[in-house]
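A look at the structure
Here is what each chain is made of, one letter per residue.
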Amino acid sequence: DLQDRKLLAEEEQPVELSKTDLTPVIPSFAQYLIIGGGTAALSAFKSIRAHDATAKVLVISSEKYYPYMRPPLSKDVWYTDDDNLLNQYMFKQWNGQEKSLFVFDNEFYADVKTLNDEENGGVGVVLGRKVVNLDLKTSVAKLDNGWEISFEKCLIATGGQPKSLKVFQTASNRLKSKLTLYRGIDDFFALKKVVDSGADVTIIGGGFLGSELACSLAHRATENGKRGNPNGKITQLMPEAGNISKVLPEYLSKWATERVRDEGADVLTNVELVGASVVQDGKVSLSYIDPQNPKKTSYITSDHVVVAVGIEPNTDLAKSAGLEVDPDQGGFLVNAELQARHNVWVAGDAASFYDINLGRRRVEHYDHAIVSGKLAGENMTGAHKPYWHQSTFWSDLGPKVGFEAIGLTDSQLQTVAVYAKGKPTDEEQKRDSEGNREQQDVAPEATANDLKHKLPESKGNLDKDDYSKGVVFYLKENKVVGIVLWNVFNRIAIARKIIKDQQEITNFQELAKLFNIHQD
Ligand code: FAD
Ligand code: NAD
Ligand code: NAD
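These lines cover the structure that appears in this document, whether it is placed above or below. (Residues numbered from 1 in each chain as written. Chains lettered and ligands numbered in written order. Predicted model: local features only at pLDDT ≥ 70, side-chain atom pairs only at ≥ 80, totals over all residues. Heavy atoms only, no water.)

**Concerning the sheet that holds strand E15 (residues 284-289)**
Pairing is antiparallel in the open sheet, where three strands are placed in the order E14-E15-E16. The strands lining the two open edges of the sheet, one partner per strand, are strand E14 (272-278) and strand E16 (297-302). Sheet twist, expressed as the average angle between the axes of neighbouring strands with direction ignored, equals 25°. By the bridge criterion, six bridges tie E14 to E15 in an arrangement that is antiparallel. Residue pairing across strands places Gly275 opposite Ser287, the latter belonging to E15. (Pairing = 2+ DSSP bridges. Helix = DSSP H or I, 4+ residues; strand = E, 2+ residues; numbered from the N terminus. Axes fitted to C-alpha atoms, helices over the stretch in contact; angles between N-to-C directions.)

**Remarks on the sheet that holds strand E23 (residues 359-361)**
In spatial order, the strands read E19-E22-E23; together these three strands make up an open sheet with mixed pairing. What marks the edges here is a single partner per strand, and that holds for strand E19 (332-333) and E23.

**Observations regarding the site of ligand 1**
Around ligand 1 sit 32 residues in total, of which Ser62, Glu63, Lys75, Arg183 and Asp349 are the nearest. Backbone polar atom of Ala40 to an oxygen atom of ligand 1: 2.9 Å apart, as the coordinates give it. One of the side-chain nitrogen or oxygen atoms of Lys75 is found 2.5 Å away from an oxygen atom of ligand 1. Relative to its unbound accessible area of 1000 Å², ligand 1 is 93% covered by the protein chains. Taken together, the elements giving at least two residues each to the shell around ligand 1 come down to helix H2 (39-51), strand E2 (56-61), helix H11 (366-380) and strand E24 (392-397). The class makeup of the residues in the shell around ligand 1 is 12 nonpolar, 12 polar and eight charged. (Near = heavy atom within 4 Å. Polar contact = N/O pair within 3.5 Å; in protein donor to acceptor, adjacent residues only side chain to side chain. Areas by Shrake-Rupley, 256 points an atom, 1.4 Å probe, with all protein chains shown as cover. Nonpolar A, V, L, I, M, F, W, Y, C, P; charged D, E, K, R; others polar.)

**Comments concerning the site of ligand 3**
The environment of ligand 3 is made up of 21 residues, and the closest members are Gly206, Glu240, Lys246, Glu364 and Trp394. A distance of 2.8 Å separates a nitrogen atom of ligand 3 from a polar atom in the side chain of Glu212. Between ligand 3 and Trp394 there is a distance of 2.7 Å, counted from a nitrogen atom to a backbone nitrogen or oxygen. Relative to its free-state accessible area of 830 Å², ligand 3 is covered by the protein chains to the extent of 81%. Put simply, the parts of the chain that give the shell around ligand 3 at least two residues each are helix H8 (208-226) and E24. Among the elements that take part in the shell around ligand 3, H8 stands out by supplying four residues, more than any other. Here the shell around ligand 3 is composed, by residue class, of nine nonpolar, seven polar and five charged.

**With respect to the pattern of salt bridges**
Here the structure, examined in full by the defined rule, presents 21 salt bridges. Salt-bridge contacts for Glu378 lead to Lys385; the nearest nitrogen and oxygen are separated by 2.7 Å. Taking relative accessible area as the criterion, Glu378 reaches 14% and is therefore assigned buried. Within this structure, Asp83, Lys192, Asp196 and Arg220 form a network of salt bridges that share partners. (Salt bridge = Lys/Arg side-chain N within 4 Å of Asp/Glu carboxyl O. Buried < 20%, exposed > 50% of the residue type's maximum accessible area, 1.4 Å probe, protein only.)

**Some remarks on helix H14 (residues 492-501)**
For H14, the full list of buried residues reads Ile492, Ala495, Arg496, Ile498 and Ile499. For H14, the arc enclosing every buried residue in end-on projection is 160°, short of the 170-degree limit, so these residues lie on one face. With respect to the buried face of H14, the exposed residues turned more than 90 degrees away are Ala493, Lys497 and Lys500. For H14, the secondary structure elements touched by its buried residues are E24, strand E25 (401-407), strand E28 (479-486) and helix H15 (508-513). In the stretch just after H14, Gln502 is the one whose phi turns positive, near 55°. (Arc of directions from axis to C-beta. Contact = heavy atoms within 4.5 Å.)

Read these as layout, nothing more, since geometry by itself doesn't imply function.
Okay, here's the thing in structure tokens:
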């Protein structure tokens, strides 16, 4: 049957695999099986190997690439002006430092065929294969080509996939060919081609992805224009009053929208999308209700549309496995040890977990995938630790505006914010000082995080509606449950401690002083 499998795999070899080849034979047993090959999976296998030195970890990934970072795909890659670098899956960070999208070189990974014979174990990844059935009575996972793998312990790290909208559900193939649901490496290269052709692109959605892409695409289009290449118009439309409004308080969200416009995108807020069609010249026409003019339908035409309206956690396996899905926020329900059954754990975007400080949560961010993958991995090796280390997240609206956050940062919660005084209102002055700042900041061993451009502060009295820099506290019963550090960097440890302490707070000015936001 080994021979059969080999033949089967050879027959099925996909033609366009570029980065790596499909592995022809896989073991029929896994000591540690990981379903999914994203960030949570990567963090988990590192953790398993750190706690069980000879562990044999088999990863099944439906993608054709080894684990890579998604965050640069809506930011840094679009600001990387060197196509040769991009074609090697590399990008430039904000500070100019070059970095690979891949966390480990291909050489890091063991050959899955011989993984189980390796004395010191290792991590093998099967690419381009999906687990379609999980039988927890027999502890067997079944792949989309019929292969079966029995396992001792299993981690589900299946992440999520982009949702679409009703107006596109019945779309013709012609219309579908002009839509992008953005999640991975191939989506970047496909969309880059569209942008570089000078196409007008409309982005639907005002969340993290839509907002970051609006800045990034507008930047790339502008740069294309400066080089005398075709440059299209980038438009973002959203039902909310401003960008990233699930997190940012309304005034700050509206302020952020102005910054997205500064990057060159046209942003339409409070807009309800009602229809989509391909019109005669091959363009996509989106119809929407504009609150300024609610009685009649408005239209916007573009060459291409990016739909960024959130993700659906991948919980298809719940049915065959008999696992419970969180009816409110989606995701597999797990306890504080990230465990669904005695030998099954879940981490990353797909987990609805119990945070012993802040209650039940599902978090769709990179560092959460790292933190939860790490914990699940350790628990898979026999630890019984609960989730207690708060993960963080960040977002960048171009190189000039960014924030880091921790805890529950839902804009529906009561917020109190403290801002540092002013910034230069003159754009040119701002650019110059940022340039200087960037020079000063360059240090080889620092992370992107340390080196993010910071808005310079001016000593003068400036506009009261200037929110260029500050700290936002999110409250429940006068206790801080979440913090956004708005254009303030490298202070997340202080924020983490405040949330952990769970003290009742009365003086926020004093609390804000801990962050030293008036000096950098
Ligand atoms: P994923 O990374 O989605 O990995 C899941 C993997 O499982 C995928 O490879 C999928 O193909 C595979 N899979 C699914 N089902 C199966 C199956 N049945 N069998 C086999 N394989 C399967 N977060 C931040 O905090 N900051 C950012 O700046 C940021 N930027 C982002 C930018 C982009 C463009 C995107 C898309 C996301 C960004 N995020 C960011 C979110 C962050 O990347 C995710 O939260 C993180 O990737 C979640 O990790 P995960 O491992 O749970 O899921
Ligand atoms: P980084 O190397 O500092 O790593 C970021 C996260 O990945 C950290 O949580 C780290 O623990 C984890 N990590 C790093 N290497 C890992 C590995 N081998 N295995 C498992 N986990 C690992 O990343 P970076 O160089 O700062 O940035 C890379 C990209 O992510 C850039 O797009 C950058 O903008 C973005 N990023 C930004 C911030 C920020 O601005 N606060 C933080 C992290 C990453
Ligand atoms: P999101 O959940 O951040 O935002 C969803 C957005 O969809 C809403 O803000 C809304 O504007 C829009 N939307 C919902 N229904 C709509 C409708 N009917 N019509 C028009 N718009 C509608 O999700 P996302 O922005 O699509 O991001 C995808 C995933 O990637 C998320 O998991 C996100 O957390 C992650 N991501 C994170 C970062 C970051 O942390 N910096 C960056 C990029 C992507």
